[in-house]
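Inside the fold
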Amino acid sequence: MERGGPGGSTPDWGLVPPTPAPRQEPGTGAQAGAPGPGAVGSRRLLLCLYLVGFLDLFGVSMVVPLLSLHVKSLGASPTVAGIVGSSYGILQFFSSTLVGCWSDVAGRRSSLLVCILFSALGYLILGASTNVFLFVLARVPVGLFKHTLSISKALLSDLVSEKERPLVLGQFNTASSVGFILGPVVGGYLTELDGGFYLTAFICFSIFILNAGLVWLSPWSDGKRGGAKDGPRWGQSRALWRRTSSGTQAAARPPQVEVAATLRGLRHLLGSAAWDVLLVRWLMALAVMLYHSNFVLALQERFGLRPRMAGYLLGSGSALGALAGLALGPVLRLAGHQPRRLLLHSSALTCLLLLAFAATRSVAVMVLCSTLLSVSTSIGRTCITDLQLSVGGAGAGGALLGLGQSVTAVGRVVAPLLSGVAQEVSPCGPPGLGAALALAAVIIMSLNRPHSGSNGSDRLKSE
């Protein structure tokens with residue numbers, strides 16, 4: 001479904017009505033220059049989702065750095081600890097696409113609530129894990145349902161226009177990154193207390209329950225009351241949240257039929273419009289993982305720096321990456337509001353920085369490269385997410401984001417193997433190999449023309 005606009009037709013992103021909103025009549029709705037109920041509801045809901053993203057990574061980052069120490073304290077051997085650690089990535093690989101398809105069919109709000117609650121259950125079990133069996137059991141619901149951030153991004157895509165989407169995603173990533181920065185600090189403090197790990201896991205469980213309450217109590221009704229005159233994107237009935245891109249309600253067919261139809265449409269997308277986007281995501285994710293895989297070791301062997309310096313660099317880099325999300329608006333304007341062009345430029349910059357990091361022997365150049373890499377990768381992640389949502393459209397945005405998470409999970413499995421082989425050749429091997437992979441991503445983007453999101457949506461509508 002498309003709607004006309006000043007610059008031609010643009011794809012309908014789920015909540016945009018198929019016809020332009022009528023002009024506001026005098027005396028109805030909000031006065032000119034004043035925000036109407038729809039605008040107020042939209043702002044409240046966006047802020048609520050930003051808070052959900054912040055709390056999500058804040059809670060997770062409190063616990064994740066402590067997992068290896070806890071499983072070791074339970075008596076697990078290094079081999080068993082490695083298998084348990086990899087189980088999360090394996091479960092994510094198989095569940096990401098299915099949960100994404102489910103969110104397209106069942107609705108973002110209900111799927112987000114279910115994922116948050118099951119993730120909370122996993123962390124509650126983790127807080128009671130006094131043996132390896134309970135520890136493994138705790139990772140199962142988290143591995144299967146910890147897709148809250150990807151569903152939140154798909155939800156944000158449904159709520160804003162295509163032009164606003166990169167900026168909103170950048171702000172969401174900023175809020176999440178701040179939580180990721182603060183979480184390890186709080187978790188490290190709590191773990192020094194008696195029973196610190198169990199206390200930390202229970203606090204994480206409580207944070208997820210709080211997130212579920214935020215999603216449940218979010219001002220969905222504010223947007224529903226608005227009406228077209230108060231805001232075309234927010235004056236929709238709740239039933240529209242459960243519609244596919246064809247405009248028919250997902251409840252008209254059994255959910256399993258809808259999921260199967262979405263997966264078939266996703267197969268068509270992979271054969272046409274989405275393969276290059278997912279391949280670029282995989283290459284760039286693998287390049288960055290290779291860079292991080294031996295970062296601390298490289299600082300010690302190549303520059304003679306202590307691990308504390310690596311911590312400072314990683315912390316400052318995370319903070320700069322978070323700020324980069326706030327600066328995405330001006331950067332997008334410089335790129336002519338073309339996320340694909342911005343992704344190409346940020347990937348090229350990442351390639352050059354990885355190459356410089358691998359080749360330099362100067363501490364100053366190394367610090368500069370590390371700092372700029374945080375910015376370029378942050379911008380690149382936002383752009384690649386926006387492109388996935390553009391290709392998937394309203395009918396498969398969640399499914400394509402889930403498939404992207406599966407692709408990243410494959411990178412997490414492959415990166416340690418490639419890093420070990422490259423490390424055997426040279427301490428500069430992992431970042432050098434990452435630069436080569438980033439260059440391959442730049443070449444792929446240069447050789448492929450941009451694809452519009454409508455083609456993918458039309459394929460899904462025909463299913």
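Okay, so let's go over this structure. Fair warning: this is a prediction, and the values are worked out from it, not measured in the lab.

So, about the overall build of the chain. Counting its secondary structure elements, the chain contains 18 helices and two strands. For the chain, the proportion of its 463 residues judged to be buried stands at 50%. In the chain, 81% of the contacts between residues at least 6 apart in sequence involve partners at least 24 apart. About 20500 Å² of surface is accessible on the chain, with carbon and sulfur atoms providing 67% of the total.

Another point: helix H12 (residues 295-303). Among the residues of H12, those classed as buried are Phe295, Ala298, Leu299, Arg302 and Phe303. Projected onto a plane normal to the axis of H12, the buried residues spread over an arc of 100° and lie on a single side. A positive phi of about 65° marks Gly304, the residue just after H12.

For the rest of this paragraph, the subject is the packing of helix H11 (residues 275-293) against helix H17 (residues 429-447). Across the interface, H11 lies against H17 with an axial gap of 8 Å and an inter-helix angle of 165°. Relative to H17, H11 is oriented roughly antiparallel. The chirality of how H11 crosses H17 is left-handed. Here Asp276, Leu279, Val280, Leu283, Met284, Leu286, Ala287, Leu290 and Ser293 of H11 lie close against H17, whose contacting residues are Pro430, Leu433, Gly434, Leu437, Ala438, Ala440, Ala441, Ile444 and Met445. In the contact of H11 with H17, the residues fall into 15 nonpolar, two polar and one charged.

The next thing to look at is the packing of helix H4 (residues 108-127) against helix H6 (residues 148-159). Contact geometry of H4 with H6 gives a least axis separation of 10 Å together with a crossing angle of 165°. With respect to each other, H4 and H6 are oriented roughly antiparallel. Every pair of crossing elements has a handedness; the one defined by H4 and H6 is left-handed. Along its contact with H4, which presents Arg108, Ser111, Leu112, Cys115 and Ile116, the element H6 presents Thr148, Ile151, Ser152, Ala154, Leu155 and Asp158. Its residues assigned to classes, the contact of H4 with H6 shows six nonpolar, three polar and two charged.

Attention now goes to the environment of Ile444. Positionally, Ile444 belongs in helix H17. Between the C-alpha atoms of Ile444 and Asp276, which are 168 residues apart in sequence, the distance is 7.1 Å. Those residues in contact with Ile444 that sit more than four places away from it in its chain are Asp276, Leu279, Val280 and Leu283.

Attention now moves to the pattern of salt bridges. Here the structure, examined in full by the defined rule, presents five salt bridges. Note that Asp158 is salt-bridged to Arg108, the shortest N-O span being 2.7 Å. Taken together, the residues Asp158 in helix H6 and Arg108 in helix H4 connect sequence positions 50 residues apart. Take Asp158: its relative accessible area is 11%, and that puts it in the buried class. Look at Arg108 and you get buried, because its relative accessible area is 4%.

Rules behind the numbers
Residue numbers restart at each chain and count upward from 1, following the sequence in its written direction. Per-residue local features of the predicted model are confined to residues with pLDDT of at least 70, and side-chain atom pairs are confined, for both listing and counting, to 80 or more; whole-chain, interface and lining totals are unaffected and use all residues. The side-chain numbers reported here are obtained from all heavy atoms of the structure, hydrogens and water having been left aside. Counting from the N terminus, the helices are DSSP H or I runs at least four residues long and the strands are E runs at least two residues long. Residue burial is assigned from relative accessible area. The probe radius is 1.4 Å, only protein chains are included, and a residue is buried under 20% of its type maximum, exposed over 50%, and partly exposed in between. Contacts: residue pairs with any heavy atoms within 4.5 Å of one another. Residue-level accessible areas treat just the shown protein chains as cover; the underlying method is Shrake-Rupley with a 1.4 Å probe. Here, the arc refers to the directions that run from the helix axis to the C-beta atoms. Between N-to-C directions, angles cover 0 to 180 degrees, with each direction set by a line fitted to C-alpha atoms, over the stretch in contact for helices. Should an angle fall under 35 degrees it is called roughly parallel, over 145 degrees roughly antiparallel, and 65 to 115 degrees roughly perpendicular, with every other angle called oblique. Working rule for handedness: look at the near helix, and if it is turned counterclockwise from the far one by less than a right angle, call the crossing left-handed; if clockwise, right-handed. Three residue categories are used. Nonpolar comprises Ala, Val, Leu, Ile, Met, Phe, Trp, Tyr, Cys and Pro, charged comprises Asp, Glu, Lys and Arg, and polar comprises the others, including Gly. Any carboxyl oxygen of Asp or Glu within 4 Å of a side-chain nitrogen of Lys or Arg constitutes a salt bridge here.

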